[in-house]
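Okay, here's what each chain looks like letter by letter:
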Amino acid sequence: MAPVSDYRISHIAALEAEAIFIFREVAATCQRPVLLFSGGKDSIVMLHLAQKAFAPAPIPFPVMHVDTGQNFAEVIEYRDNRVAETGVQLIVASVQDAIDRGMVTEPPDGTRNRIQTPVLLEAAEKYQFDALFGGARRDEEKARAKERVFSFRDDFGQWDPKNQRPELWSLYNGRVHPGEQIRVFPLSNWTELDVWRYIGAEDIPLPEVYFSAEREVVDRGGMLYAVNEFIKPREGEEVFSEKIRYRTVGDATLTAGVRSDATTIDEIIAEVAATRITERGATRGDDKTSEAAMEDRKREGYF
């Protein structure tokens, strides 16, 4: 009897295949997709997957960054370099421009995370995008755990977790009426550890903020914020040096680092494998405003 072939593949290879299938499904069924690309690790992985999905052809849709103007400088530099290498079109939806036009008002505390949403929705309407790829994963936060891979949004860009389409047997429904959108999350079934293992396996370069270095920080409520142009020590705060890295990258005004000695991908993988708190829970100040902070923003149209 002839030997039976072994078709088993690794967990990471299965996740990659699923994500590539999702990218191709959207390209086949939607008219004007766009990939949200901030220069953070999840969007970096998504851009890499999109390249693999359509190679040797170019990526058949643009990328867009909703730029608050409060980003880490290393991340913006990486974003621009990566876009140039890829040759993909970059659309920048500027929160500062929206403030200057009077479309949104900067909150008294100076943070801009909450006012990204109307800027995102305005850009989606301007360019008539009907599918927006996001890097959200279900393991990040409890509101995102409710998310479908194809997440339906109404003509106001709002998310209703009770009004989502079934996805039995990985069958996706991308049909939308004019004005409606689908937010698509190819990394839904990935974990933070999966992302790092994939980055290591594919040898994907990253911004330096993801690796440990001595940084000047202040401690606010047990979270370590690097002192920079956006974070200045308040009265009574002590500035001290600490070896930290960033597990996730959002606005510099709201994203804290974690104590770490990890300077390589392998060391980060070992560190993440041992942790018991998600990266958003550990480092994102915007998720700590209330128990339902993320879900409230998503209902407003946040990605």
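Our structure is the block above this text.
Below or above, wherever it landed, is the structure these notes cover.

Conventions we followed
As a convention, each chain's residues are numbered from 1 in the sequence order in which they are written. The predicted origin of the model limits local features to residues at a pLDDT of at least 70 and limits the giving and counting of side-chain atom pairs to 80 or more, whereas totals for whole chains, interfaces and linings rest on all residues. Excluded from the side-chain calculation are hydrogens and water; included are all heavy atoms of the structure. What counts as a helix is a DSSP run of H or I of at least four residues, what counts as a strand is a run of E of at least two, and both are numbered from the N terminus. To estimate how far a helix should extend, the number of its residues minus one is multiplied by 1.5 Å. Each residue is assigned to one of three classes by its accessible area relative to the maximum for its type, calculated with a 1.4 Å probe on protein chains only: buried under 20%, partly exposed between the two thresholds, exposed over 50%. The directions from the helix axis to the C-beta atoms form the arc being described. Two residues qualify as a contact provided that any one of their heavy atoms is within 4.5 Å of a heavy atom in the partner residue. For two strands to pair, DSSP has to find at least two bridges joining them. Lines are fitted to the C-alpha atoms to define the axes, a helix being fitted only along its stretch in contact, and any angle between axes, read from their N-to-C directions, falls within 0 to 180 degrees. Of the grid points, spaced at 1 Å and generated over the protein atoms alone, those admitting a 1.4 Å probe that cannot get out make up cavities, while open sets with protein on both sides within 12 Å along at least five of seven lines make up pockets; any residue with an atom within 4 Å of a point is treated as lining. Grid points are joined across faces, edges and corners, and a volume is the space filled by probe spheres set on the points. The nonpolar class holds Ala, Val, Leu, Ile, Met, Phe, Trp, Tyr, Cys and Pro. Asp, Glu, Lys and Arg form the charged class, and all remaining residues, Gly among them, are polar.

**Considering helix 5 (residues 116-127)**
- The terminal C-alpha atoms of helix 5, which comprises twelve residues, lie 17 Å apart, in line with the 16 Å expected from a rise of 1.5 Å per residue.
- All of the buried residues in helix 5 are Gln116, Thr117, Val119, Leu120, Leu121, Ala123 and Ala124.

**Brief notes about helix 1 (residues 11-29)**
- The end-to-end C-alpha separation of helix 1 is 27 Å, in line with the 27 Å expected for 19 residues at 1.5 Å each.
- Within helix 1, burial applies to Ile12, Leu15, Glu16, Ala19, Ile20, Ile22, Phe23 and Val26. All buried residues of helix 1 fall inside an arc of 155° around its axis, so they share one side.
- Elements that come into contact with the buried residues of helix 1 comprise strand 1 (33-36), helix 2 (41-54), strand 4 (131-133), strand 5 (150-153), strand 6 (181-184) and helix 6 (192-202).

**Quick word on the sheet that holds strand 2 (residues 63-67)**
- Taken in spatial order, the six strands line up as 3-2-1-4-6-5 in an open sheet, and their pairing is mixed. With one partner strand each, in any of the chains shown, strand 3 (90-94) and strand 5 form the two edges of the open sheet. When the angles between neighbouring strand axes are averaged without regard to direction, this sheet yields 30°.
- Across five bridges, strand 2 lies against strand 3 in parallel orientation. Note on strand 3: the bridge partner recorded for methionine 64 is isoleucine 91.
- Strands strand 1, strand 2 and strand 4 of the sheet are contacted by helix 2, whose axis makes an angle of about 140° with strand 1.
- Taken strand by strand, helix 5 contacts strand 1, strand 2, strand 3, strand 4 and strand 6, and its axis lies near 145° from that of strand 2.

**Re the layout of surface pockets**
- Computed from the structure, the second largest pocket encloses a volume of approximately 340 Å³.
- Around the second largest pocket sit 20 residues that line it, and Glu125, Phe129, Gly179, Glu180 and Gln181 are the ones nearest its centre.
- Counted by class, the lining of the second largest pocket contains seven nonpolar, eight polar and five charged residues.

**Remarks on unusual backbone geometry**
- Geometrically, the link from alanine 55 to proline 56 is a cis peptide bond, its omega value of 5° lying close to zero.
- Positive phi, close to 60°, is recorded for glutamine 128, a residue that is not glycine.
- Its location among the elements puts glutamine 128 in the loop between helix 5 and strand 4.
- Overall, the relative accessible area of 53% leaves glutamine 128 in the exposed class.
- Not every positive phi belongs to a glycine, and aspartate 203 is a case in point at roughly 55°.
- By relative accessible area, which is 67% here, aspartate 203 ends up exposed.

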